[in-house]
Amino acid sequence: MSNRSNLDISAYFVVGPENTKNRPVAPIIKDVVDAGYTCIQIRSKTASALELIELTKEAADVIEKAGRADEVTLLVDDRLDVVLAAKKMGIKIDGIHVGQSDIPVEICRAYLGEDAVIGLSARTHDLFDYIKTADVSLIDYFGAGPLHETETKPDCGTGADGKVITRSFEELAELAKASSIPIVVGGGVKLADIPQLAETGVDGFFVISAISEADNPRAEAEKLIEAWKENYKRKKV
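Quick caveat, the model's predicted, so the values are computed rather than measured. (Residues numbered from 1 in each chain as written. Predicted model: local features only at pLDDT ≥ 70, side-chain atom pairs only at ≥ 80, totals over all residues. Heavy atoms only, no water.)

Caption draft 1: Inspection of the sheet that holds strand S6 (residues 141-144) at higher detail. An order of S1-S2-S3-S4-S5-S6-S7-S8 is seen for the eight strands of this closed barrel, with the pairing classed as parallel. Here the strands of the sheet are splayed against their neighbours by 25° on average, with no regard to which way each runs. In this structure, strand S3 (residues 73-77) lies alongside strand S4 (residues 95-98), joined through three bridges in parallel fashion. Residue Val76 lies in a different strand from S4, and its bridge partner there is Ile96. (Pairing = 2+ DSSP bridges. Helix = DSSP H or I, 4+ residues; strand = E, 2+ residues; numbered from the N terminus. Axes fitted to C-alpha atoms, helices over the stretch in contact; angles between N-to-C directions.)

Set out below in C-alpha cells:
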C-alpha cells in the first residue's frame, strides 16, 4: 500500500552516509522513526546505486519493524534507477524526491505509477510565481528553503547569480498561502527555528545534520518534533 493518500510531511528526515559522522545510517533512522517522524528520504551524492539500494532496504526494514509501514513515507532523492530497482527487489519504497535539474517529474510518474509519492524542490529564482503557476498535477509536495545557509548542501537555494537565497519566516508564510499543495521547509533548520516555522502555515520541516550529526540523534529528533507539534497545534487553535 502506498502512503500517497495519507502523506504526512510534518516531520521529515533526510539522511545519507556522508551525514552521520561515520556512524551507521540505520540506527539513526530507527531513532527518528521511534521519535515519530513521518517521512524519511535517503539521499547521497557519493554512494553507489547498490549502496543506496541497501540503505533503502535497511530503512524499509526499520520502518516495518517499528510497525509504521503505513504511516512513514520512504523516499529516495533523485535516483529513479534506485527506486525502480528497490521496488523490483520487493523493498517497500514509496517514491522519489527530485530537484529542478533532476529527472523530470513526468518521467518519474510514468515509471512509478499513480500510487507513488513524488516531491519536487521548488525553484529558487522566481519562487513565488513558480509556486503559484506550476503544474502540480504530477507532484505531491514542494520542498522549499533554505531557511539558513547550510554546509550539508552548500548549493541549496542558489539563485541565477550563484548566490544563496535564504527565506524569511514572512516569505514562508506567503508561500504557504500561495501553494495549492503541501510545503516542507528545510535548510539549516535548528530547534530554535521550529516555533516560528510551525506558525507560518507550512506543512512540515525537514532536517539533516540537526539530527544525523547530533551526539544523541534520538533526543534531538524528539525535541524537534515535540516543538513542531506544540506550535503547529497552537497555530491551528
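What follows continues from the structure just given.
Caption draft 2: Quick look at the packing of helix H1 (residues 25-35) against helix H2 (residues 49-65). Taken N-terminus to C-terminus, the directions of H1 and H2 make an angle of 35°; their axes are 9 Å apart at the nearest point. Crossing geometry of H1 relative to H2 is assigned as right-handed. Side by side, H1 and H2 meet where Val25, Ala26, Ile29, Lys30 and Val33 of the first sit next to Leu55, Glu58, Ala59, Val62 and Ile63 of the second. (Left-handed = near helix turned anticlockwise from the far one by under 90°. Contact = heavy atoms within 4.5 Å.)

Caption draft 3: Quick look at the side chain of Ser179. Inspection of the secondary structure puts Ser179 in the loop between helix H6 (169-178) and strand S7 (183-185). Look at Ser179 and you get buried, because its relative accessible area is 12%. Reaching out from Ser179, the side chain makes a polar contact with the backbone oxygen of Ile181 at a distance of 2.7 Å. (Buried < 20%, exposed > 50% of the residue type's maximum accessible area, 1.4 Å probe, protein only. Polar contact = N/O pair within 3.5 Å; in protein donor to acceptor, adjacent residues only side chain to side chain.)

Caption draft 4: Highlighting the side chain of Thr200. For Thr200, the position within the fold is in the loop between helix H7 (194-198) and strand S8 (204-207). Take Thr200: its relative accessible area is 9%, and that puts it in the buried class. Within polar-contact distance, the side chain of Thr200 engages the backbone nitrogen of Val202 at 3.3 Å.

Caption draft 5: Summary view of the state of the cysteines. One pass over the structure, following the stated rule, counts zero disulfides. Sulfur of Cys39: no disulfide; nearest cysteine sulfur belongs to Cys108 and is 15 Å away. Relative accessible area serves as the criterion here: at 0%, Cys39 is assigned to the buried category. (Disulfide = S-S within 2.5 Å.)

Caption draft 6: Main features of helix H4 (residues 105-112). Residues of H4 that are buried: Val105, Cys108, Arg109 and Leu112. Here the buried residues of H4 occupy an arc of 95° about the axis, which is enough to place them on one side. Exposed residues lying more than 90 degrees from the buried face of H4 are Ala110 and Tyr111. One or two positions beyond H4, positive phi appears at Gly113, with a value near 85°. (Arc of directions from axis to C-beta.)

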